[in-house]
Number of protein chains: 2
Amino acid sequence: MPTRIVVPQAYDVVGLGVATLDFIGVADGEPRLGIKQPLAHWIEAGGGPVATALVTLARLGMRVYMAGAVGDDMYGQRIITELAQEGVCVDGFQVRPGSSHIAFALAEPGSGRRTIWWHNDPSVFEGVTLSREIVTSARLLHLDTNMPDVALTAARWMQEADGLVMIDAERFKESTLALLPYCDLMIVSERFGREISGEAAPDAAARFLHARYGGVAIVTAGEHGSWCVGPDEAFHTPAFTVDVHDTTGAGDVFHGGFIYGLLQGWSLRETARFAGATAALKCRAFGGRAGIPSLEEINGLLAG
Amino acid sequence: MPTRIVVPQAYDVVGLGVATLDFIGVADGEPRLGIKQPLAHWIEAGGGPVATALVTLARLGMRVYMAGAVGDDMYGQRIITELAQEGVCVDGFQVRPGSSHIAFALAEPGSGRRTIWWHNDPSVFEGVTLSREIVTSARLLHLDTNMPDVALTAARWMQEADGLVMIDAERFKESTLALLPYCDLMIVSERFGREISGEAAPDAAARFLHARYGGVAIVTAGEHGSWCVGPDEAFHTPAFTVDVHDTTGAGDVFHGGFIYGLLQGWSLRETARFAGATAALKCRAFGGRAGIPSLEEINGLLAG
């Protein structure tokens, strides 16, 4: 009788972070506070920095796993189901008492301006767990800043296993600082770069991050492109020009594109250009995920 | 063998209008457009002018029936279920292709200012039907302005049956004008009063409505109270002073309280005071319905 060998599932990328449900209202005219206004469209869309990056990677054919938590409200199961339908392994999700992370995002097609009001119960995210075996089965661990304790443990495991650790940081939090020395890649918002470094210019903020924490630092600045500072080079990558409908999730998709390029073994410059094209194409559609492009579409824009 | 006589259900009040699901975000600080802000609370609550008035009446012990339509999205069934749980007969609801009426309402506890972004598919509300037998079984028909054709038919039936017709009008629409001559009671917002009459003062707007259309006209003005003009009298009713958390639905609840008083045979003055107390108590809680008071609570405030 042949022996059946059970091979544990291995992933290309394991993510840890918040997955959200966004209600996107598309403004019909100039929004104003204090009045009652109709919306041109109302769209529900899953979001979250790590979640949307993993969806990007799943669409590009990668095997991805996510750990996180949702609340026991009407949104939680929906958030998980949507991720699963996108091909993300959601075995690491917990449903916990409290509110899921939800948001109302007001999109203004004319200006590209975005207003977001969000809500969650932070206690939902306490106690998320992640197995060392699953983390170290992957080539890259992608983190947000919402579960710093378990993120730190996982980042240490990944460092010991010689895997890559990436972080997506949007706003400065004290609890993020301990994570940064473990990150091979810090891809952060302009705001985070400014807040942590005190430097208004994205290139200066990226230089600060690389000098202080050692990893490759990338500061993203929407239509102004991204600035990358690594051990051997520092460069700016311009953004691609597309017809922007909604920038929601563009930064998250940039991370997904960047991870894809890294895992292909491309140079940082090639990778940053690929990530920029991926993020630009996302902006064609409302919502964080509807516009995520295929590899063919990205290559089409890159070949331009 | 005894003959079983089937008595058709009779209602105190039949309503026709839009039922909604509101997502209420309670601001944490001064809201601003163009940024990302946390909310102190996120509340889901059913709403809609006629729907919330009927819920008020059901809580006060009245038998109420509502006809309307919702979309075939994730919200429609929820809207209907919530009404049914409040004791409203929802046999007259249809589920039709398209979007239910949904809204994001930003409440500011400090100022009482409210911002609402709403969305629906108007086609969902086309083709709502209502049976003459059910309408004329009731003592009062309560209408909003969203389904003017079926509302006009039902109002004519009710007039022929010597029942009462009430309308809740918030913004001026051409299609509302044909309904007004059939309305025994027009309880309208300050805005509607101003738009239809060209008169900025609520009392002047109420006089205009009564003179032009014949029914009793009441213009409500939130914390400034209400102005009533009928065949025999014209008077102002001050608002009650309460600790206002959220005014969402206060006007709808005012209509419910007013209908209750009318059906008790109270004078217009007594009725307006009762409606004002009912609406004021609603403002204690976030959402259109959570704060709807019991008869005991209303009597407590009135005796206060």
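Look up: the structure comes first, before these words.
Summary of the structure given here. Being a predicted model, the structure only gives us computed values, none of them experimental. Every chain is numbered independently, its residues counted from 1 as its sequence is written. Written order decides the labels, with chains lettered from A and ligands numbered from 1. Local features in a predicted model are, by the rule used here, given only for residues with pLDDT of at least 70; side-chain atom pairs are given and counted only at 80 or more, and totals for whole chains, interfaces and linings are based on all residues. Side-chain numbers here rest on the full set of heavy atoms in the structure, without hydrogens or water.

### Observations concerning the sheet that holds strand E10 (residues 185–189) of chain B
Residues and elements named next belong to chain B.
Then, number 1: At least two bridges found by DSSP between two strands are what make those strands a pair. The way it works is that DSSP assigns letters per residue, a run of H or I at least four long becomes a helix, a run of E at least two long becomes a strand, and they are numbered from the N terminus. Spatially, E5-E4-E1-E8-E9-E10-E11-E12-E13 is the arrangement adopted by the nine strands of the open sheet, whose pairing is mixed. The two strands at the open ends of the sheet, each matched to only one other strand, are strand E5 (88–96) and strand E13 (234–237). Direction aside, the axes of adjacent strands within the sheet are offset by 15° on average.
Then, number 2: One ladder, built from four bridges, connects strand E8 (residues 140–143) with strand E9 (residues 164–169); its direction is parallel. Along E9, the bridge assignment pairs leucine 141 with valine 165.
Then, number 3: Across the sheet, helix H1 (residues 49–59) lies against strand E1 (13–16), strand E4 (64–71), E5, E8 and E9, angled at about 145° from E4, the strand it touches most.
Then, number 4: Contacts are assigned to residue pairs with any non-hydrogen atoms lying within 4.5 Å of each other. In this analysis an axis means a line fitted to C-alpha atoms, helices contributing only their contacting stretch, and an angle means the value between N-to-C directions, from 0 to 180 degrees. Each of E1, E8, E9, E10, strand E11 (216–220) and strand E12 (226–229) touches helix H7 (residues 250–264); the most contacted strand, E9, lies at about 165° to it.

### Quick notes on the packing of H1(B) against H7(B)
Residue and element names in this part refer to chain B.
Then, number 1: Across the interface, H1 lies against H7 with an axial gap of 7 Å and an inter-helix angle of 45°. When the axes of H1 and H7 are compared, the pair comes out oblique. Crossing handedness for the pair H1 and H7: right-handed. Only Asp252, Val253, His255, Gly256, Gly257, Ile259 and Tyr260 of H7 make contact with H1, whose side of the interface consists of Pro49, Thr52, Ala53, Thr56 and Leu57. An angle counts as roughly parallel when it lies under 35 degrees, as roughly antiparallel when it exceeds 145, as roughly perpendicular when it falls between 65 and 115, and as oblique in every other case. Working rule for handedness: look at the near helix, and if it is turned counterclockwise from the far one by less than a right angle, call the crossing left-handed; if clockwise, right-handed.

### Description of empty space enclosed by the protein
Then, number 1: A pocket here means an open set of points on a 1 Å grid, computed over the protein atoms alone, that has protein on both sides within 12 Å along at least five of seven lines. A cavity is instead a set of points where a 1.4 Å probe fits but cannot get out; residues with an atom within 4 Å of a point line either one. Grid points are joined across faces, edges and corners, and a volume is the space filled by probe spheres set on the points. According to the stated counting rule, one finds one cavity of 30 Å³ or more in the structure shown.
Then, number 2: Taken as a whole, the largest cavity encloses approximately 30 Å³ of empty space.
Then, number 3: The wall of the largest cavity is formed by A:Trp117, B:Ala27, B:Asp28, B:Gly29, B:Glu30, B:Pro31, B:Gln37, B:Pro38 and B:Leu39.
Then, number 4: Broken down by element, the lining of the largest cavity gets its largest block of residues, three residues, from strand E3 (residues 36–47) of chain B.
Then, number 5: Residues are grouped as follows: Ala, Val, Leu, Ile, Met, Phe, Trp, Tyr, Cys and Pro are nonpolar; Asp, Glu, Lys and Arg are charged; all remaining types, including Gly, are polar. Across the lining of the largest cavity, the residue classes tally to five nonpolar, two polar and two charged.

### Some words on the interface of chain A and chain B
Then, number 1: In this assembly, 29 residues from chain A lie in contact with 29 residues from chain B.
Then, number 2: Two parts placed together each lose some accessible area under a 1.4 Å probe, and the buried area is that loss summed for both. In total, about 3000 Å² of surface goes out of reach between chain A and chain B, with carbon and sulfur atoms giving 64% of it.
Then, number 3: Salt bridge, as applied in this entry: a Lys or Arg side-chain nitrogen positioned within 4 Å of an Asp or Glu carboxyl oxygen. For the pair chain A and chain B, the interface holds two salt bridges.
Then, number 4: A:Lys36 is the salt-bridge partner of B:Glu170, the closest N and O atoms lying 3.2 Å from each other.
Then, number 5: Mapped onto the side of chain A that touches chain B, the elements with two or more residues apiece are strand E3 (36–47), strand E6 (101–107) and strand E7 (114–119) of chain A.
Then, number 6: The dominant element in the side of chain A that touches chain B, judged by the number of residues it contributes, is E3(A), at eight residues.
Then, number 7: For the side of chain A that touches chain B, the residue count by class is 17 nonpolar, five polar and seven charged.

### Some remarks on the relation of the copies chain A and chain B
Then, number 1: The copies were overlaid with a least-squares fit restricted to C-alpha atoms from residues scoring a pLDDT of at least 70 in each copy. In screw terms, the move from chain A to chain B is a rotation of 179° and a rise of 0.0 Å along the axis, fitting with an RMSD of 0.1 Å. The transformation relating the two chain copies, once decomposed into turn and shift, fits a two-fold axis.
Then, number 2: Of all interface residues in chain A, 100% are interface residues in chain B too; the two copies therefore contact each other through one and the same surface.

### As for the sheet that holds E6(A)
Then, number 1: With respect to topology, eight strands assemble into a closed barrel ordered E2(A)-E3(A)-E7(B)-E6(B)-E2(B)-E3(B)-E7(A)-E6(A), the strand pairing being mixed. The sheet shows a mean angle of 35° between the axes of neighbouring strands, taken without regard to direction.
Then, number 2: For strand E2 (residues 20–27) of chain A and E6(A), the ladder comprises seven bridges, and the chain directions are parallel. Paired with A:Gly25 across the strands is A:Leu106, a residue of E6(A).

### Description of unusual backbone geometry
All names here are of chain A.
Then, number 1: Its identity is not glycine, yet aspartate 162 carries a phi of approximately 65°, on the positive side.
Then, number 2: With respect to the helices and strands, the residue aspartate 162 is situated in the loop between helix H4 (148–160) and strand E9 (164–169).
Then, number 3: Aspartate 162 gets classed as exposed once you look at its relative accessible area, which sits at 72%. Exposure is judged per residue with a 1.4 Å probe applied to protein chains only, and the accessible area is read against the type maximum: over 50% gives exposed, under 20% gives buried, and values in between give partly exposed.

### Looking at the nonpolar core
Then, number 1: In this structure, A:Phe23, A:Phe104, A:Phe258, B:Phe23, B:Phe104 and B:Phe258 are the most contacted members of the largest nonpolar core, which totals 112 residues.
Then, number 2: When near neighbours in sequence (up to four residues on either side) are disregarded, A:Phe23 contacts A:Trp42, A:Ile43, A:Glu44, A:Tyr75, A:Ile102, A:Ala103, A:Phe104, A:Ala105, B:Phe23, B:Trp42 and B:Tyr75.
Then, number 3: Within the second largest apolar cluster, 43 residues are counted, among which are A:Val128, A:Leu152, A:Ala169 and A:Ala206. Only buried Ala, Val, Leu, Ile, Met, Phe, Trp, Tyr and Cys residues count toward a nonpolar core, and they belong to the same one when joined by side-chain atoms within 4.5 Å.

### Some thoughts on the packing of aromatic side chains
Then, number 1: Classification of ring pairs uses Phe, Tyr and Trp, with its six-membered ring standing for Trp, and accepts pairs whose centres are within 6.5 Å; under 30 degrees between planes counts as stacked, over 60 as edge-to-face, and the remaining range as tilted. Inspection of every chain in the model, using the stated rule, returns 23 aromatic pairs over all chains.
Then, number 2: With a centroid separation of 4.2 Å and an interplanar angle of 10°, the aromatic rings of A:Phe104 and B:Phe104 are classed as stacked. In this pair, A:Phe104 sits in strand E6 while B:Phe104 sits in strand E6 (residues 101–107), so the two residues belong to two different chains. For the residue pair A:Phe104 and B:Phe104, the accessibility class agrees, reading buried in each case.
Then, number 3: Considering the side-chain rings of A:Trp117 and B:Phe104, the 5.9 Å spacing of their centres and the 25° angle between planes classify their relative orientation as stacked. Residue A:Trp117 is located in strand E7, and its partner B:Phe104 is located in strand E6; the two belong to separate chains. Just as A:Trp117 is buried, B:Phe104 falls in that class too.
Then, number 4: Here a set of aromatic residues connected by ring pairs shows up, and it is made of A:Phe23, A:Trp42, A:Tyr75, A:Phe104, A:Trp117, B:Phe23, B:Trp42, B:Tyr75, B:Phe104 and B:Trp117.

### Considerations on H4(A)
Residue and element names in this part refer to chain A.
Then, number 1: Here H4 contains 13 residues, and its C-alpha end-to-end distance of 18 Å stays within 8% of the 18 Å for a straight helix at 1.5 Å per residue.
Then, number 2: Among the structural elements, strand E1 (13–16), helix H3 (132–137), strand E8 (140–143) and E9 are those in contact with the buried residues of H4.
Then, number 3: Positive backbone phi, approximately 65°, marks aspartate 162, located one or two places after H4. Take the number of residues in a helix, subtract one, and multiply by 1.5 Å to get its expected span.

All quantities given are derived from atomic positions and should not be read as evidence of function.
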